[in-house]
Amino acid sequence: MIYAIGDLHLDSTDLKPMSIFGGNWQDHDKKIKASWLENVKEDDLVLLPGDTSWAMRFSEAIDDLKFIDELPGKKLISKGNHDYWWTSISKMNGFGFKSIHFLQNDSYTYKDFAICATRGWMQEDNDKYDEENDKKITDRELIRLSLSLEKADKDKKIIVMLHYPPFNMDLEPNQFHDLMKENNVYKCIYGHLHAGGHRYRREGLIDGIDYSLVSSDYLNFKLKLIERC
């Protein structure tokens, strides 16, 4: 089985409790753990598309990552906009977690699937989008996704993990969608959207790609089954 849930926003230090964003976030880590233990088996895969921990440094994120590492299943983690602790892939994958693999500029094969990932970026039609600075980030993220897709086994069904939704503010697909379409992506999961931001979601089939929003609060802190396998 392949499950997904994004935006865990874990905080082992209790310096940034998520309950300030609404009562539904109260003890959200316990809700996620309960759903995880109820559903995930050791041979299953869980996709975590960013904003995993509020930590600022990798050393400060270790307890949050150990929390995930000790749960059942294999886990793939990609980067979100709040993952300031993110460091080199070699350092993170070499740390010694028994069940976590960090994914960037590469792909990961699981059964009949090739998993690719990148963070993505803010919509170009967002009022806050800066044509100079944000455009550079967008272009870099497109390169990262392209590199990841190039590494994918083309005999497998490709699943892409994004953090930002691949849609503009008007909900039209953007260039991240176009790149996935060119590469015959099978499914795409994304997060980032919370509370009122859920209205900017699109789900279901678009140009042959099956989209799912998996922000933890959108899922009521329950893991979503993405694929039976």
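These remarks concern the structure in this document. The residue numbering used here restarts from 1 in each chain and proceeds along that chain's sequence as written. Residue-level local features of this predicted model are given only where pLDDT is at least 70; pairs of side-chain atoms are given and counted only at 80 or more, and the full residue set underlies all totals for whole chains, interfaces and linings. Think of the side-chain values as coming from all heavy atoms in the structure, minus any hydrogens and water.

## Notes on helix α2 (residues 58–69)
Spacing of three or four residues puts side chains on the same side of an α-helix, whose turn is 3.6 residues. The condition that has to hold: When accessible area is computed with a 1.4 Å probe and restricted to protein chains, residues below 20% of their type maximum are described as buried, those above 50% as exposed, and intermediate ones as partly exposed. The helix and strand labels rest on DSSP assignments: H or I over at least four residues marks a helix, E over at least two residues marks a strand, and numbering proceeds from the N terminus. Should any heavy atoms of two residues lie within 4.5 Å, those residues are considered in contact.
Turning to α2, its buried residues are F58, A61, I62, D64, L65, I68 and D69. Residues of α2 that are buried sit in contact with α1 (28–39), β2 (45–49), β3 (74–78), α3 (89–93) and β4 (100–102).

## A few points about the environment of K74
The test is simple: Under the rule applied, a polar contact is a pair of N or O atoms within 3.5 Å (in protein, one hydrogen donor and one hydrogen acceptor; residues adjacent in sequence only if both atoms are side-chain atoms).
Looking at the secondary structure, you find K74 in strand β3. Each C-alpha atom, one on K74 and one on I189, is 17 Å from the other, the two residues being 115 residues apart in sequence. Among the polar contacts listed, one links the side chain of K74 to the side chain of D43, at a separation of 3.1 Å.

## A closer look at the sheet that holds strand β6 (residues 113–118)
Adjacent strands of a sheet form backbone hydrogen bonds with each other and so pair up, either parallel or antiparallel. Rules: By definition, two strands form a pair when at least two bridges between them are found by DSSP. Only the stretch in contact is used when fitting a helix axis, every axis being a line fitted to C-alpha atoms; angles between N-to-C directions are given from 0 to 180 degrees.
Here six strands make up an open sheet; going across it, the order is β5-β6-β7-β8-β10-β9 and the pairing mixed. Strands with a single pairing partner mark the edges of an open sheet, and in this sheet they are β5 (107–110) and β9 (204–206). Averaged over all adjacent pairs, the angle separating strand axes in this sheet is 25 degrees, with direction ignored. Where β9 and strand β10 (residues 209–213) come together, three bridges link them in antiparallel fashion.

## A few points about unusual backbone geometry
Positioned with a positive phi, D7 is a non-glycine residue whose angle comes to about 55 degrees. Positionally, D7 belongs in the loop between β1 (2–4) and α1. Classification of D7 by relative accessible area gives buried; the value is 0%. A positive phi angle, close to 55 degrees, is found at K111, a residue other than glycine. Within the fold, K111 resides in the loop between β5 and β6.

## A closer look at the packing of aromatic side chains
Where we set the bar: For this analysis, a ring pair means two rings from Phe, Tyr or Trp (six-membered ring only for Trp) whose centres lie within 6.5 Å, classed as stacked if their planes differ by under 30 degrees, edge-to-face if by over 60, and tilted for the remaining angles. Remark: a charge is flagged as sitting over a ring if the NZ atom of Lys or the CZ atom of Arg is within 6 Å of the ring centre and within 35 degrees of the ring normal.
For the structure shown, the criterion picks out 11 aromatic pairs. Here the aromatic rings of W86 and F102 are separated by 5.8 Å at their centres, their planes lie at 85 degrees, and the arrangement is edge-to-face. In this pair, W86 is assigned in the loop between β3 and α3 and F102 in strand β4, connecting sequence segments 16 residues apart. Classification of F102 as buried rests on a relative accessible area of 1%. For K157, the ring lying beneath its charged end belongs to Y186, and the centroid distance is 4.9 Å.

## Focus on the environment of L71
Tracing the chain through its elements places L71 in the loop between α2 and β3. The exposure class assigned to L71 is buried, which follows from its relative accessible area of 4%. When the C-alpha positions of L71 and K33 are compared, they lie 7.7 Å apart, and in sequence the two are 38 residues distant.

## Some words on the nonpolar core
Test applied: What is meant by a nonpolar core is a set of buried Ala, Val, Leu, Ile, Met, Phe, Trp, Tyr and Cys residues, joined one to another through side-chain atoms within 4.5 Å.
By size, the foremost hydrophobic cluster in this structure holds 44 residues, and its most contacted members are W36, L47, L65, W85, F102 and I115. With five residues, α2 is the single largest residue contributor to this core. With residues near it in sequence (within four places) discarded, I115 still touches L45, L47, L76, L103, D106, S107, Y108, I159 and M161. With 21 residues, the next largest nonpolar core counts A152, I158, L193 and I209 among its residues.

## A word on the pattern of salt bridges
Quick reminder of the rule: Throughout this description, the term salt bridge denotes a Lys or Arg side-chain nitrogen within 4 Å of a carboxyl oxygen of Asp or Glu.
Applying the stated criterion to the full structure yields 12 salt bridges. E203 serves as the salt-bridge partner of R201, at 3.9 Å between the closest nitrogen and oxygen. Note that K224 and E203 form a salt bridge whose closest N and O atoms lie 3.9 Å from each other. In this pair, K224 sits in strand β11 (residues 224–227) while E203 sits in the loop between β8 (187–190) and β9, placing the two residues 21 residues apart along the sequence.

## Regarding the sheet that holds β11
Read across the sheet, five strands follow the order β4-β3-β2-β1-β11 without closing on themselves; strand pairing throughout is mixed. Edge positions in the sheet fall to β4 and β11, since each of these pairs with one other strand and no more. Between one strand axis and the next, the sheet turns through 30 degrees on average, direction left out of account. Summarising the sheet, β3 and β4 pair through three bridges and their orientation is parallel. Counted as the bridge partner of K75 is I100 from β4.

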